[in-house]
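Reading the structure
Each chain is listed here by its residues.
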Amino acid sequence: MKSSDDGDCRFQESNSSKKSIKMAAARTLRIGLIPGDGIGREVIPAGRRILESLPSSLNLKFSFVDLDAGYETFQKTGTALPDKTVDTLKKECDGALFGAVSSPSTKVAGYSSPIVALRKKLDLYANVRPVKTTAGNSNGKPIDLVIVRENTEDLYVKEERTIEGPNGKVAEAIKRISEHASFRISNIAGEIALRRQNIRSASPATSTRDQAMVTITHKSNVLSQTDGLFRETARRALAAEKFSSVFVEEQIVDSMVYKLFRQPEFYDVIVAPNLYGDILSDGAAALVGSLGLVPSANVGDAFAIGEPCHGSAPDIEGQGISNPIATIRSVALMLEFLGEEKAAAQIYAAVDGNLDAAQFLTPDMGGKATTQQVLDDVLKRL
Ligand SMILES: NC(=O)C1=CN([C@@H]2O[C@H](COP(=O)(O)OP(=O)(O)OC[C@H]3O[C@@H](n4cnc5c(N)ncnc54)[C@H](O)[C@@H]3O)[C@@H](O)[C@H]2O)C=CC1
Ligand SMILES: O=C(O)CCCC(=O)C(=O)O
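Criteria and thresholds
Residues numbered from 1 in each chain as written. Chains lettered and ligands numbered in written order. Predicted model: local features only at pLDDT ≥ 70, side-chain atom pairs only at ≥ 80, totals over all residues. Helix = DSSP H or I, 4+ residues; strand = E, 2+ residues; numbered from the N terminus. Rg over C-alpha atoms; globule rule 2.2 N^0.38 Å. Buried ≥ 20, exposed ≤ 12 C-beta atoms within 10 Å, placed from the backbone. Near = placed C-beta within 6 Å. Nonpolar A, V, L, I, M, F, W, Y, C, P; charged D, E, K, R; others polar. Core = buried A, V, L, I, M, F, W, Y, C linked by C-beta atoms within 7 Å. Domains from an automatic or database assignment. Contact = placed C-beta atoms within 7 Å. Axes fitted to C-alpha atoms, helices over the stretch in contact; angles between N-to-C directions. Parallel < 35°, antiparallel > 145°, perpendicular 65-115°, else oblique. Left-handed = near helix turned anticlockwise from the far one by under 90°. Pairing = 2+ DSSP bridges.

Moving on, we get to the overall build of the protein. Along the backbone of the protein there are 12 helices and 12 strands. For the protein, whose C-alpha radius of gyration is 21 Å, the value lies close to the compact-globule estimate of 21 Å for 382 residues. For the protein, the spread of C-alpha atoms along the principal axes amounts to about 70 × 55 × 45 Å. Of all 382 residues assigned to the protein, the portion counted as buried reaches 46%.

Take the site of ligand 1 next. Close to ligand 1 lie 20 residues, the nearest being Ser103, Gly292, His310, Gly311 and Asn323. In terms of residue class, the shell around ligand 1 is made up of 9 nonpolar, 9 polar and 2 charged.

So, about the site of ligand 2. Around ligand 2 sit Val101, Ser103, Ser113, Ile115, Val116, Asp278 and Gly311, and that is every residue in its neighbourhood. Taken together, the residues that form the shell around ligand 2 break down as 3 nonpolar, 3 polar and 1 charged.

This brings us to the nonpolar core. Residues Val148, Val271 and Met334 are the most contacted members of the largest nonpolar core, which totals 95 residues. The element that contributes the greatest number of residues to this core is helix α10 (residues 325-337), accounting for 9 residues. The residues that make up this core include at least three from each of domain 1 (26-124 + 294-381) and domain 2 (138-287). Residues within four places of Val271 in sequence aside, it is in contact with Val148, Ile185, Ser186, Ala189, Val214, Ile216, Thr217 and Ala234.

Attention now moves to the packing of helix α2 (residues 40-52) against α10. Between α2 and α10, whose axes approach to 8 Å, the crossing angle comes to 45°. As judged from the angle between their axes, α2 and α10 are oblique. Both α2 and α10 take part in a crossing whose hand is right-handed. On α10, the residues touching Val43, Ile44, Ala46, Gly47, Ile50 and Leu51 of α2 are Thr327, Ile328, Ser330 and Val331. For the contact of α2 with α10, the residue count by class is 7 nonpolar, 3 polar and no charged.

Relative to the helices and strands, Ser296 is located in the loop between α9 (274-288) and β11 (297-299). It is 9.3 Å that separates the C-alpha atoms of Ser296 and Ile147, two residues lying 149 residues apart in sequence. If near-sequence neighbours (up to four positions away) are discounted, Ser296 is found in contact with Asn127, Val128, Arg129, Glu307, Cys309 and Ser330.

How big an interface is tends to be stated in terms of accessible area lost as the parts join. According to the domain assignment, the protein contains domain 1 (26-124 + 294-381) and domain 2 (138-287). Summarising the inter-unit geometry, the C-alpha centres of domain 1 and domain 2 are found 24 Å apart. With 8 residues of domain 1 at the contact, the number on the domain 2 side is 6 residues. In terms of residue count, the dominant contributor to the side of domain 1 that touches domain 2 is helix α5 (residues 114-121) (3 residues). Tallied by class, residues from the side of domain 1 that touches domain 2 come to 4 nonpolar, 1 polar and 3 charged.

It is worth spelling out the sheet that holds strand β3 (residues 95-100) at this point. Read from one edge to the other, the open sheet built from 10 strands follows the order β2-β1-β3-β12-β11-β4-β5-β10-β8-β9, with strand pairing classed as mixed. Each edge of the sheet is formed by a strand with only one pairing partner; in this case those strands are β2 (60-66) and β9 (247-252). The sheet shows a mean angle of 25° between the axes of neighbouring strands, taken without regard to direction. Bridging between strand β5 (residues 144-150) and strand β10 (residues 269-272) involves 4 bridges; their strand directions are parallel. Each residue of the ladder has a partner; that of Ile147, found in β10, is Ile270. Where helix α4 (residues 83-92) meets the sheet, its contacts fall on β1 (27-36), β2 and β3, and the angle it forms with β1 comes to roughly 165°.

The contact between helix α8 (residues 253-262) and α9 brings their axes to 10 Å, and the two run at 15°. Classed by the angle they form, the pair α8 and α9 counts as roughly parallel. Once α8 is placed against α9, the crossing between them reads as right-handed. Residue-level inspection shows Val253, Met256, Val257, Leu260 and Phe261 of α8 in contact with α9, the latter providing Tyr276, Leu280, Gly283, Ala284 and Leu287. Tallied by class, the residues present in the contact of α8 with α9 amount to 9 nonpolar, 1 polar and no charged.

And the structure:
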């Protein structure tokens, strides 16, 4: 049961043809909820509450289906990502929210990260991670950048092996970079840069950037074949006529970290292979105050999963103090990719209001509020 719908939607063009017939009908979206482990189970209910509380003027309705994945699921069933979860997402859902999972740091026979697997199984090839300060929370250095991380390959193909070498064990992993995946991720990075520029052009008074920019991140000075292919392909993708207004530059990943920390306000869109994108986004989260603020969307041509950038945070699990904002912003990001920009904008504004007022902040942000209090404050502002 995919969405019944009268709205315009980037990923659901077949539905847009119904627009003229059913202008007044509400669009109903079916959302899969995958809390996972740890604080994933604390923040996903907050995400659901946001969707349930959107103003009726948006003409949007939601139905939900609870789905399993994670380490606890693995312990109970022997698999971290049940087929039922994947099938339900594919056959029934328009989008999904994923919390976090507790993947062990040592090898456990039969366990494999379910979120890494899910991204591949649904071909969610782009991991879009906006990192942003708000007006009241910028320390004079407004940050507004997006990390666009390739989501299906690189070292995350997880083809590893351990062999006996002459001096003990030797472990190896394949780093796979394809022209196809590098091209499509760079193309989406260019499109995001253009879209951001259009939004800025609509309100020039508040904009501090004149031109869209994409920074290609790589380590092709050392890895000339793998990262070399990524760099070369990204250059080619971004040289397309449609991106002629986008300034394209590149940065070797280690100095990228340096420059990002020295001058974060310089960056607009950063496109990176999977592992560098993962690391850069957690680093960028520190620049805006907390991992608990940074959302992501796993995006393919036909589906989007909103997911906070953080993990299952076992150090704060069960205390009721996990920051729900990364998840709430992930809800907005998922809606954006499902064509519901207006709803997304209202959620972003409510979150910005909460952060700027700084009355209800969780301890990671220096406050004393609980998850519930932050959620209630955001709901009040919606
Ligand atoms: N996508 C996913 O499901 C991810 C899962 N993980 C898993 O999470 C587990 C824990 O990993 P860590 O390295 O500790 O990373 P983590 O992201 O869970 O936590 C890092 C630090 O950030 C804090 N933090 C994270 N989210 C927060 C929030 N919403 N509010 C307040 N504070 C927050 C934590 O308390 C901790 O001090 C591991 O098993 C790892 O495999 C890690 C990253 C992503
Ligand atoms: O722990 C896991 O299972 C997944 C960790 C991967 C990751 O950090 C990310 O992709 O954001």
